[in-house]
Amino acid sequence: MQDALGSSPQVQLEPFVNWATIVRRDHVFVIKPTSNAEVQKVMHVAISLNRKIREAGESALSWSPLFPDEGQILLNLTLLTLEGGQRAIFNPPTVQRPYPTVTVAAGVRQDELDSFLLSVGHAIASGPQPIQVTIAGGIGTASHGGSYDEPSLGGYLESVQVFDSYGRLRQFTASENRNVLRAMRCHLGLLGVIVEVEMMVEPVQMVSLFTVFVPLSLMLNATFVKEIVTRNFYVEARWATYNSLTEEEVQETMATGRVPTTWNSKRDLVWLSFINPNGTEPDLDLDFDVNFDLNVTPISFGQRIFAALATRRFIANPVVVPKPFAIHGLNASAIPTVTATETTIRENPSFTSTVSAFQVVAASIEGASYANGILPLGIVEMRWIKGTDCFLCPGKEDVCGFPSDSHYLTMEIQGLVQPTEAFEGYKQFTTAVLSQLNQVGLSGLPNWAKMLTTFPGLRQRLHDPENRQCQLEFLKVRDQIDPQGYMFSNNFLRTIFIDSSYMYIYN
Ligand SMILES: Cc1cc2nc3c(=O)[nH]c(=O)nc-3n(C[C@H](O)[C@H](O)[C@H](O)COP(=O)(O)OP(=O)(O)OC[C@H]3O[C@@H](n4cnc5c(N)ncnc54)[C@H](O)[C@@H]3O)c2cc1C
């Protein structure tokens, strides 16, 4: 391969491991092109040597097996620049386009883009938390923030440049290629090598950020949930499990191997984080009388996370910072590895989906803890987002049967990756809870970045009447860029998506 490529770009035959250390390959061909010409060279060599290509962001943050199979090419676009050598270009509003945009090289991370945009007084409106997420990688899995009125990252997409499976550079825009953009908003690495992205941006705002604790029982009150979610710009709820266990209950759990029924999840506290444009904080009474004891012996991952939320992560007095630092300030390299599974459930105007979902999860955690002891869980996290005009986004807008202006609850369950028994216990429990949610009609699509192997019946879910047409439309776009997924798919994705030629026959 190196002979065919010449002196650059360099090829390294290396092992691969993702951030969570759960997707591993012994050998992949890692190539880091710096220009479109180098990407094209790699494409032509891959075609001639019959190698498949998958891309990954700099930190490969996704939990799911979206990466190359053994012996295939891993394209890392961290060093890639735009054609003129810049990493990002700010485009002020014009008569035809009355809002500003940024054109950015696909492998640029959120923190680099934030710094660039801040230097011109702008910012992306929302986005996932880690600073390490790359722009193409974040859009690829429909990664999202926590604002009721903001979509996943692809919702800001204006245009993309991609190399297709023949090595041709193609440009698609929101105005001229609507269906392609609908597919690109959650591309899963299946729609070619993205080298350039143009996104809508906004003037930067200063925001205030603070946290409170509320009793979990309040999150079972739909009126309260609706108030906090719809009246704040950004809301995140984290329930670090078992945080109200008393020392006596801990001792009894250790002695019997089971959590005593005196522990009731409704007694636990939920950490809420709020972000609002500075000076626009709503008048909400969030002053609850809450008590906790950090001296109780920690016997669960949840208690340990709670201690961090109650100390380092607690912001009693609002701090005012530029918005990007508040919405995506997480350094994923500085936190311990966890695993996560997330379902995205359509929320209704009265917020009963959130309450029902919380009830199901809380009852499952209680039941399993009384029967089998402490679960290897960290937090249950909830955020609320707006739908996007997108085929595979778990939060979709007005395609495939959903009316427009849809909003979604995203519910994530985090757990331990190590030791192996804990990881297995996490997977078993999470699959069981998601199955229960399905049974009570709270089924959604997964966050594609998170554990997909714990998501029950994903292939069937993509074929149910709500999603089947969307899947077909996505595969039609995929086939324009990479017929039958020959160049850019991988073994895992082939098990999820139906063979598109079969779909065309039956639709
Ligand atoms: C600690 C932590 C916190 C997180 N918080 C959030 C959160 O708040 N909200 C949320 O929604 N998600 C969150 N995530 C998930 C994260 O946002 C996604 O995994 C995201 O896709 C990671 O971006 P990446 O650049 O690492 O891409 P990768 O994970 O490497 O890749 C994602 C997909 O994009 C494809 N891809 C990457 N670059 C290109 C390219 N140039 N061309 C074509 N395809 C490409 C890959 O093939 C893959 O299919 C979190 C993850 C971690 C580890």
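Values in this document were obtained by computation on a predicted structure and should not be read as measured data.

With respect to the pattern of salt bridges
Right, so step 1: Counted under the stated rule, the structure contains 21 salt bridges.
Right, so step 2: A salt bridge links Arg267 to Glu249, with the shortest nitrogen-to-oxygen separation between them at 2.7 Å. Of this pair, Arg267 sits in the loop between α7 (247-256) and β14 (269-277) while Glu249 sits in helix α7, and the two are 18 residues apart along the sequence.
Right, so step 3: Assessed through its relative accessible area of 6%, Glu249 is described here as buried.

A closer look at the UniProt feature "domain: FAD-binding PCMH-type" (unreviewed entry) in the protein
Right, so step 1: When the UniProt feature table is mapped onto this chain numbering, "domain: FAD-binding PCMH-type" (unreviewed entry) sits at residues 21-204.
Right, so step 2: Its end C-alpha atoms 35 Å apart, residues 21-204 is made of 20% helix and 27% strand.

Observations regarding the site of the ligand
Right, so step 1: Neighbouring the ligand are 36 residues; Glu55, Gly57, Ser62, Thr134 and Thr141 lie closest to it.
Right, so step 2: Between His144 and the ligand, the recorded distance is 2.8 Å, taken from a backbone N or O atom to an oxygen atom.
Right, so step 3: When isolated, the ligand has an accessible area of 960 Å², and the protein chains bury 98% of it.
Right, so step 4: Elements with a contribution of two residues or more to the shell around the ligand: β3 (53-56), α4 (135-140) and β10 (193-200).
Right, so step 5: Residue classes in the shell around the ligand are distributed as 19 nonpolar, 13 polar and four charged.

Description of the packing of aromatic side chains
Right, so step 1: Applying the stated criterion across every chain yields a total of 13 aromatic pairs.
Right, so step 2: The interplanar angle of 35° and the centroid separation of 5.3 Å between the aromatic rings of Phe210 and Phe274 together place this pair among those described as tilted. Separated by 64 residues along the polypeptide, Phe210 in strand β12 (residues 206-215) and Phe274 in strand β14 bring together distant segments of the chain.
Right, so step 3: A relative accessible area of 0% places Phe274 in the buried class.
Right, so step 4: Ring geometry for Phe213 versus Phe292: centroids 5.5 Å apart, planes at 65°, classification edge-to-face. In this pair, Phe213 is assigned in strand β12 and Phe292 in the loop between β14 and α8 (301-310), connecting sequence segments 79 residues apart.
Right, so step 5: One aromatic cluster is present, formed by Phe213, Phe292, Phe306 and Phe314 through successive ring pairs.

Quick notes on the side chain of Asp479
Right, so step 1: If you trace the backbone, Asp479 turns up in helix α13 (residues 468-481).
Right, so step 2: A distance of 2.9 Å separates the side chain of Asp479 from the backbone nitrogen of Gln484, its partner in a polar contact.

A closer look at the packing of helix α10 (residues 352-372) against helix α11 (residues 420-439)
Right, so step 1: Direction vectors running N to C along α10 and α11 enclose 140°, while the axes themselves pass 10 Å from each other. In terms of orientation, α10 and α11 fall into the oblique class. Crossing geometry of α10 relative to α11 is assigned as right-handed. Only Phe429, Val433, Gln436 and Leu437 of α11 make contact with α10, whose side of the interface consists of Ala357, Val360, Val361, Ser364, Ile365 and Ala368.
Right, so step 2: In terms of residue class, the contact of α10 with α11 is made up of eight nonpolar, two polar and no charged.

Procedures and definitions
- Residues numbered from 1 in each chain as written.
- Predicted model: local features only at pLDDT ≥ 70, side-chain atom pairs only at ≥ 80, totals over all residues.
- Heavy atoms only, no water.
- Salt bridge = Lys/Arg side-chain N within 4 Å of Asp/Glu carboxyl O.
- Helix = DSSP H or I, 4+ residues; strand = E, 2+ residues; numbered from the N terminus.
- Buried < 20%, exposed > 50% of the residue type's maximum accessible area, 1.4 Å probe, protein only.
- UniProt positions renumbered as here; feature names shortened; annotations may be inferred.
- Near = heavy atom within 4 Å.
- Polar contact = N/O pair within 3.5 Å; in protein donor to acceptor, adjacent residues only side chain to side chain.
- Areas by Shrake-Rupley, 256 points an atom, 1.4 Å probe, with all protein chains shown as cover.
- Nonpolar A, V, L, I, M, F, W, Y, C, P; charged D, E, K, R; others polar.
- Phe/Tyr/Trp six-rings, centres within 6.5 Å; stacked < 30°, edge-to-face > 60°.
- Axes fitted to C-alpha atoms, helices over the stretch in contact; angles between N-to-C directions.
- Parallel < 35°, antiparallel > 145°, perpendicular 65-115°, else oblique.
- Left-handed = near helix turned anticlockwise from the far one by under 90°.
- Contact = heavy atoms within 4.5 Å.

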